[in-house]
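Structural characterization, general
So the chains spell out like this:
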Amino acid sequence: MSPLVLSFIICMFINPLQGMQMPYMTSDPKEVSGKSFDYIVVGGGTAGCSLAATLSEKFSVLVIERGGSPYGDPLVEERKYFGYSLLKTDEYSSVAQSFISRDGVENYRGRVLGGSSAINGGFYSRASEEFVKKAGWDKDLVQDSYKWVESKVVFMPELSQWQSVVQFGFLEAGFYPYNGYNLEHTQGTKIGGSIYDQRGKRHTSADLLEFGRPDHITVLLYATVKSVIFDGNKTRAVGVRFMKSDGSSSKSYKIHVEKHRGEVILTAGALGSPQILLLSGIGPEDHLNDLNIPVVVNLRDVGRRMSDNPAISLLVDRFSQNRTLEPPQVAAIAEGYKYILESEVLPTNITTTRISIAAKIAFPKSRGRLKLNSINPRENPSVKFNYLGSKEDLDACLEMVLLLQHVARSETVTFYLGLQNREKLLAGDEELKSFCKDNVRTYYHYHGGCVVGSVVDEDYRVSGVKRLRVVDGSTFEESPGTNPMATVLMLGRYQGIRILKEREVEKEGDESFLSPQGSPQPQP
């Protein structure tokens, strides 16, 4: 086989994204300020990129991302640097932005095109059938949307050494049946999908933009949205105000949607979307008055029903070493989907690692609230999740710790790690309760704040105003599957298709419909 033919095969099959055209990206606000688009998507994260790519099939889309591009950043793209992005955070420019909840638990949010899909472990697993049914989604469209995402950014992993070991540890601890490689959310032990390909390159949601129409998408980087702009009657979203993300200037810019049918869609995540609604005057009247924000809609539940899955992590190696970093590839799912367990080799600094086996409570009862600290959109909002605040959650944590101990003390795990003198098991309710309260942490799957049925309707439209939607994890009452990434990626595609269909119906019912000057015409 000639080198030319071999290169062609590599480009076409091993790396199918090569050669595809990305949309235009800029960090200069002057290039978009004063212009209008059919859709403004606020947040180029997990949902925002799949949504923008879908809407671009027929309409012009501006994606506003507060961070930069993930491309060319080894901390994002290369598996061998997994976890390093969480060690290297700063106030304005790092791809991961840290925050500490009022519970005292450290957490992170993505600040880069691709959102949290650029900083997470890359484990891909769908929502359960029960979740889809409860959400009232069209099952066939959900399946089609998952498959669309999976054809672009999901790969079957080759198990690393530790993942092979912990897989048997899960089985020894009773997480049956063994389901092999499986993207569905099913009880037992399974290998999930990965957004890392076989060469160790991460494929974030930003890659999905390559499958939209590049001439219909503009991506504005390093721009933080201050608020939504409404018409004179405060009944319809007509655009957004934004500023540079780097803190160098407080100057504001404006960008508008197409006059008649344009929409603003918030896809800024479970912290960002409720924060933007509050800054725009949509939220509890008393909280808005405290910050002298003019009230547009007195919507009590904005920022409420916040939830984060309480998690416990056990470090199973006895001391820090310098192992190869490993994101999770295997999950254990308890009966009734009650608990989710995974394991990874994480960096503790540039040169040392630890092995963690972690578990989360899948359906916590405790709820919290998000509030504004200030009217500065670059500042993290204040959030309290009330981890283990309910008796049911605390009782569940006790059971979860016992399961973790069974995995950590399994013959496979202890033999691999060379652990001969096993530490004393935690026992007794009081000891376990104390351990849970002292060691509760996040699984990074926080959600809520703009929940369907209280802040947005079943079409994800914000109550009380027109032409404004929220499409991201802030709309979830519970976190789907082993983790929300797959379903949030799917949701962007799913809602994009539904919006396109809505526009077709509007067009058919309006004989006077004309695409505005400057907006892309639908292609035959």
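Residues numbered from 1 in each chain as written. Predicted model: local features only at pLDDT ≥ 70, side-chain atom pairs only at ≥ 80, totals over all residues. Heavy atoms only, no water.

An unreviewed UniProt entry lists the protein chain under the name Protein HOTHEAD, from Raphanus sativus. According to the UniProt record, the Sequence similarities (unreviewed entry) comment for the protein chain is "Belongs to the GMC oxidoreductase family." Quoted verbatim from the Cofactor (unreviewed entry) field of UniProt, the annotation for the protein chain is "FAD". (UniProt positions renumbered as here; feature names shortened; annotations may be inferred.)

Take the sheet that holds strand β18 (residues 304–306) next. Taken together, the 3 strands give an open sheet; going across it, the order is β18-β23-β24, and neighbouring strands pair in antiparallel fashion. Pairing within the sheet leaves two strands with one partner each, and these edge strands are β18 and β24 (382–384). Ignoring strand direction, the axes of neighbouring strands in this sheet form an average angle of 35 degrees. Relative to β24, strand β23 (residues 368–371) runs antiparallel, the two sharing 3 bridges. When the sheet's bridge partners are listed, Leu370 is paired in β24 with Val383. Each of β18 and β23 touches helix α7 (residues 269–279); the most contacted strand, β23, lies at about 55 degrees to it. (Pairing = 2+ DSSP bridges. Helix = DSSP H or I, 4+ residues; strand = E, 2+ residues; numbered from the N terminus. Axes fitted to C-alpha atoms, helices over the stretch in contact; angles between N-to-C directions. Contact = heavy atoms within 4.5 Å.)

What follows deals with the pairing of strand β15 (residues 263–266). Of the two faces of β15, the one lined by Glu263 and Ile265 and the one lined by Val264 and Leu266 are each fully buried. Two elements, β15 and strand β26 (residues 468–470), share 3 bridges in a ladder whose sense is parallel. By the bridge assignment, Ile265 is partnered in β26 with Arg469. (Buried < 20%, exposed > 50% of the residue type's maximum accessible area, 1.4 Å probe, protein only.)

Between helix α2 (residues 46–55) and helix α12 (residues 485–508), the least distance of the axes is 7 Å, while the angle of their chain directions is 30 degrees. Taken together, α2 and α12 sit at an angle that is classed as roughly parallel. Judged by the twist between their axes, the crossing of α2 over α12 is right-handed. Along the contact surface, α2 presents Thr46, Ala47, Ser50, Leu51, Thr54 and Leu55, while α12 presents Met485, Val488, Leu489, Gly492, Arg493, Gln495, Gly496, Ile497, Ile499 and Leu500. (Parallel < 35°, antiparallel > 145°, perpendicular 65-115°, else oblique. Left-handed = near helix turned anticlockwise from the far one by under 90°.)

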